[in-house]
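If you want the building blocks of each chain, they are given just below.
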Amino acid sequence: MSVNPSADMDSFRKLLLKANAVVILTGAGVSAESGVPTFRGAGGLWRIYSATDLATPSAFRSNPSLVWEFYHHRRENVASKHPNNAHKAIAEFEHRLTKQGKHVSVITQNIDELHQRAGSVNILELHGSLFKTRCLKCKKVESNYDSPICEALKGKGSASPTEGGENIPELLLPRCKVSSCGGLLRPYVVWFHENLDPIILKKAEKDLNSCDLCLVVGTSSIVYPAAMFAPQVAARGVPVAEFNMETTSATPNFEFHFSGPCGELLPIALAP
């Protein structure tokens, strides 16, 4: 454990040059610089609800119309945003090292697909994606970039506390397009009280166990199990570098901490 992590960029970059397998863990702080509201911040409040009240299986069971309005609002909001310099630096770094025969894995808690839009390829989405759906009936998972996702949600989902929901009939909410199914769709995101996809988790653990350098970028390190990943990597003696606006409870575990906007730090840290 390092009580005072280093902020020596030259030392970090020397380690980066030697690394053969790099894991980059990203959280909401990366996308906040693109204007995507963080889930727990002021932007995470929607109408009179806390976002955490709407991101549960029980909320969807009791009021799928309300939950779909919330996720429709988030989809439309995120679709209007663009990858920032942090996303781009990560993607360029991945491409460069892949050409050198090295391995870079992006393990993200974000559901906005901005890493994909920046050009990253080897991405593990721990919490799913706003732009995927899962059918409750046939269980099929599909990408969906329709805007609106269904006609009944067109123009709906205002975040204003003075506007209430319209209680859209379930039959008019997003439905499965598989012929003869037509089941109700739900957002393909991991809600509170749900487990992560075991296949994704197994792939993440494999990358974490084999990496020789780990970057923690824009995450509060309080959402489990992702909050355990970097400290576990550090515990086996692998250098971990944290890039964040502020220190976190996990910071003392790491060899490096760089304080500031990820969009300013990463283009310097990951430059050729």
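First, a word on what this report is: a plain description of the structure on this page. Quick caveat: nothing in here was measured; it's all calculated off a predicted structure. (Residues numbered from 1 in each chain as written. Predicted model: local features only at pLDDT ≥ 70, side-chain atom pairs only at ≥ 80, totals over all residues. Heavy atoms only, no water.)

## Structural notes on helix H9 (residues 226-235)
Counted only if it meets this: To sort residues, take the accessible area from a 1.4 Å probe on protein chains only and compare it with the maximum for the residue type: under 20% means buried, over 50% means exposed, and anything in between is partly exposed. The way it works is that DSSP assigns letters per residue, a run of H or I at least four long becomes a helix, a run of E at least two long becomes a strand, and they are numbered from the N terminus. Starting at the helix axis, one direction is taken to each C-beta atom, and the arc is that of these directions. A contact between two residues is defined here by any heavy atoms of the two lying within 4.5 Å.
Along H9, the residues that are buried comprise Ala226, Ala227, Phe229, Ala230, Val233 and Ala234. Down the axis of H9, the sector holding all buried residues measures 165°, keeping them to one side. Tucked inside the fold, the buried residues of H9 contact strand E1 (21-26), helix H8 (198-210), strand E9 (213-217) and strand E10 (240-244). Taken from the residues just after H9, Gly237 is the one with a positive phi, measuring 90°.

## Here we look at unusual backbone geometry
With an omega dihedral of 0°, the bond running from Ser147 to Pro148 counts as a cis peptide bond. In this structure, Arg47 takes a positive phi of about 55° despite not being glycine. Secondary-structure assignment places Arg47 in the loop between strand E2 (45-46) and strand E3 (49-50).

## Observations regarding the pairing of E1
This is how the line gets drawn: Any two strands are treated as partners once DSSP identifies two or more bridges connecting them.
Burial runs high along E1: six of the six residues are buried. Both faces of E1 are covered, namely the face carrying Ala21, Val23 and Leu25 and the face carrying Val22, Ile24 and Thr26. Here E1 runs beside strand E4 (residues 103-108); their pairing, made up of six bridges, is parallel. Considered in E4, the bridge of Thr26 is made with Thr108. Where E1 and E9 come together, five bridges link them in parallel fashion. Note on E9: the bridge partner recorded for Val22 is Leu213.

## A few points about the packing of helix H1 (residues 9-18) against helix H10 (residues 262-269)
How we decide: Whenever a helix is involved, its axis is fitted only over the stretch in contact; in every case the axis is a line through C-alpha atoms, and angles between N-to-C directions fall within 0 to 180 degrees. Each angle receives one of four descriptions, namely roughly parallel if under 35 degrees, roughly antiparallel if over 145, roughly perpendicular if within 65 to 115, and oblique otherwise.
Packing of H1 against H10 leaves a shortest axis separation of 10 Å and a crossing angle of 55°. Classified by the angle between their axes, H1 and H10 sit oblique to one another. Contacts from Met9, Phe12, Arg13 and Leu16 in H1 reach Leu265, Ile268 and Ala269 in H10.

## Topic: the packing of aromatic side chains
Convention followed: Each pair of aromatic rings taken from Phe, Tyr and Trp, with Trp reduced to its six-membered ring, is defined by centres within 6.5 Å and is described as stacked if the planes are under 30 degrees apart, edge-to-face if over 60, and tilted in the remaining cases.
The final tally for this structure, using the stated rule, is eleven aromatic pairs. Measuring from centroid to centroid gives 5.8 Å for Phe12 and Phe256, while their planes differ by 75°, and the two rings are edge-to-face. Separated by 244 residues along the polypeptide, Phe12 in helix H1 and Phe256 in strand E11 (residues 256-259) bring together distant segments of the chain. We note that Phe12, like Phe256, is buried. On the basis of an interplanar angle of 10° and a centroid distance of 5.9 Å, the ring pair of Phe256 and Phe258 is categorised as stacked.

## Observations regarding H10
Within H10, burial applies to Cys262, Gly263, Leu265, Leu266 and Ala269. Down the axis of H10, the buried side of the element spans an arc of 165°, and every buried residue falls inside it. Opposite the buried face of H10, at more than 90 degrees from it, the exposed residues are Glu264 and Ile268. Considering only its buried residues, H10 is in contact with H1, helix H6 (85-99), E9, E10 and E11.

None of this, on its own, says anything about what the molecule does.
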